[in-house]
Amino acid sequence: MRGHLCAKTVIALCSSAFLGCFHPALDDNRLACGDDGCPSGMVCSGEGVCRTGGGDTSNVVLATARQGAPSRILAVCDGVVSTAWELSAVQNARGVAWGLGRSGEIELAFASTDDQFRLFSVVKDVVDQIQNVDWLHDSRRTAWADYDADGDLDLAITDAEHSLKVFRQKSEGLVFEWRADDMSDPYGVAWGDFDGDGHPDLAAASTTAVNVYRTDPDAGNSPTALTDWGGGGGGGGGGGGGSNTPPPEFNKVWSSPRTEDTRSVAWADVDGDGKLDLAVGAKAGPVRVYKGDGAGKFTELWASADTGETPSLAFGDLDGDGDLDLAAAGSDQPTRVFRNDGGTFALAWATPTAESTTSVDWYDVDGDGSLDLTLGNAHPSRILRNRAGALSDWITLDTDKVEDLHWSRSAVAPGTPSACDQARWNQQ
């Protein structure tokens, strides 16, 4: 099934370059070359589709999961962020994550509170819904990692069925492999190799605690393909790689000692000792950082002086000093950035007023070498520009009701269409 690609009813495009109005032909919501050629500013490509001919060499795109509105993929084009695709099939998304398919194609996973979990592929300027899980009714967050070290990315998902689930990528596609039912209402999920064995481990936030599960590569169990991913346009095979050998098991090695309603988790080596540490955000508490010993034990290293709901955390180097700083989304409170100095955190920046921010992500949007900060908001989301470690308002995005967001960059082969071609077409 092909995803909805910013569908619009185009009857005529008027241009001074033509004696009258150009009457395009529509092919899968793309502007096909007609007998009259293409509108002003566009050329007919070898694929028979009107394009701007901008010569884009990369797709810089922002995926947004939205509640009560179609999710969107935005593209950065000549310093402007515009909607490239609007996915009408995904109306109540809670989480989104970019990954790679078995053949190297870009994939996009949406966790949703509606009737199914959906997976899309993004190839050139075409977005396809390729798979779905129609029995996963209330998923919240999702994250990709190659936990079995077979060269293919696997998927972790939290859902309201009090469980954390892992789908393994195999020769027949993504297959449900493992679940943890020992938590209450899980929310945030993150992969991180805390023991350095080459197999990413899992952390999941829930309403009672944060649990950490070690991936044990020496304790494989038989594949438990309880379901395959049907619908959506076909199977999940194709491509090389993958494995049908027994996967590693997951073993819970740690739970946070405080009984807190936690919502977000993020991994980073905050003190430079080569071992991953874990940041945790709560619904009504401080942001905490737990120091990891590399063997599954975590000790509280720091807690913020302020309290409140922190639905999203993201590590990024704000000031370019080599230490990873911590951005904490604030729900009905300011969003903050805590500067890290060798494992010691201090408040470095905060939004001047309380906002309803549900997601934060660091990304160098303007290509100047400094990480900018994107805020996913209930009201219009925005990008803060980083200049020498100082954040300031820069771009207000034409996208609200955002629950989660995630940046990605991928190469565009010469002469092939790009996300910006799609965004520019939307503006015709």
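Residues numbered from 1 in each chain as written. Predicted model: local features only at pLDDT ≥ 70, side-chain atom pairs only at ≥ 80, totals over all residues. Heavy atoms only, no water.

## Some details on the state of the cysteines
Counted according to the given criterion, the structure contains 1 disulfide. Bridging Cys77 to Cys420, the disulfide has an S-S length of 2.2 Å. In this structure the cystine formed by Cys77 and Cys420 twists about its S-S bond by roughly -105°; its chirality is therefore left-handed. One end of the pair, Cys77, is in strand 8 (residues 71-77); the other, Cys420, is in helix 1 (residues 419-426), with 343 residues separating them in the sequence. Per residue, the accessibility class of Cys77 equals that of Cys420, and both read buried. (Disulfide = S-S within 2.5 Å. Helix = DSSP H or I, 4+ residues; strand = E, 2+ residues; numbered from the N terminus. Buried < 20%, exposed > 50% of the residue type's maximum accessible area, 1.4 Å probe, protein only.)

## As for the sheet that holds strand 23 (residues 277-282)
Spatial strand order, 22-23-24-25: 4 strands in an open sheet with antiparallel pairing. Unpaired on one side and paired on the other, strand 22 (262-268) and strand 25 (298-303) mark the two borders of the sheet. Averaged over all neighbouring strand pairs, the angle between strand axes comes to 25°, with direction disregarded. The pairing of strand 22 with strand 23 spans 6 bridges and is antiparallel. The partner of Ala268 across the bridge, within strand 23, is Asp277. (Pairing = 2+ DSSP bridges. Axes fitted to C-alpha atoms, helices over the stretch in contact; angles between N-to-C directions.)

## Considerations on unusual backbone geometry
Notably, Asp185 is not glycine yet its phi reads approximately 45°, a positive angle. Note that Asp185 resides in the loop between strand 17 (173-180) and strand 18 (189-192). In this structure Asp185 comes out as partly exposed when scored by relative accessible area, which is 22%. With a phi close to 55°, Lys401 is a non-glycine residue in the positive phi region.

## Overview of the packing of aromatic side chains
Counted under the stated rule, the structure contains 17 aromatic pairs. Taking the centre distance of 5.8 Å and the plane angle of 75° together, the rings of Phe194 and Phe298 count as edge-to-face. Residue Phe194 is found in the loop between strand 18 and strand 19 (201-205), and its partner Phe298 is found in strand 25; the two are separated by 104 residues along the sequence. Here Phe194 and Phe298 have matching classes, each one buried. A centroid spacing of 5.0 Å and a plane angle of 10° characterise the contact between Tyr363 and Trp407, whose relative ring orientation is stacked. In this pair, Tyr363 sits in strand 31 (residues 355-363) while Trp407 sits in strand 35 (residues 402-411), placing the two residues 44 residues apart along the sequence. Assessed through its relative accessible area of 14%, Tyr363 is described here as buried. Put simply, the rings of Tyr147, Trp178, Trp191, Tyr213 and Phe250 pair up and form one aromatic cluster. For the cation-ring pair, Arg140 lies above Tyr187, with the distance from its terminal atom to the ring centre recorded as 4.2 Å. Over the aromatic face of Trp394 sits the side chain of Arg385, whose NZ or CZ is 3.9 Å from the ring centroid. (Phe/Tyr/Trp six-rings, centres within 6.5 Å; stacked < 30°, edge-to-face > 60°. Lys NZ or Arg CZ within 6 Å of the ring centre and 35° of its normal.)

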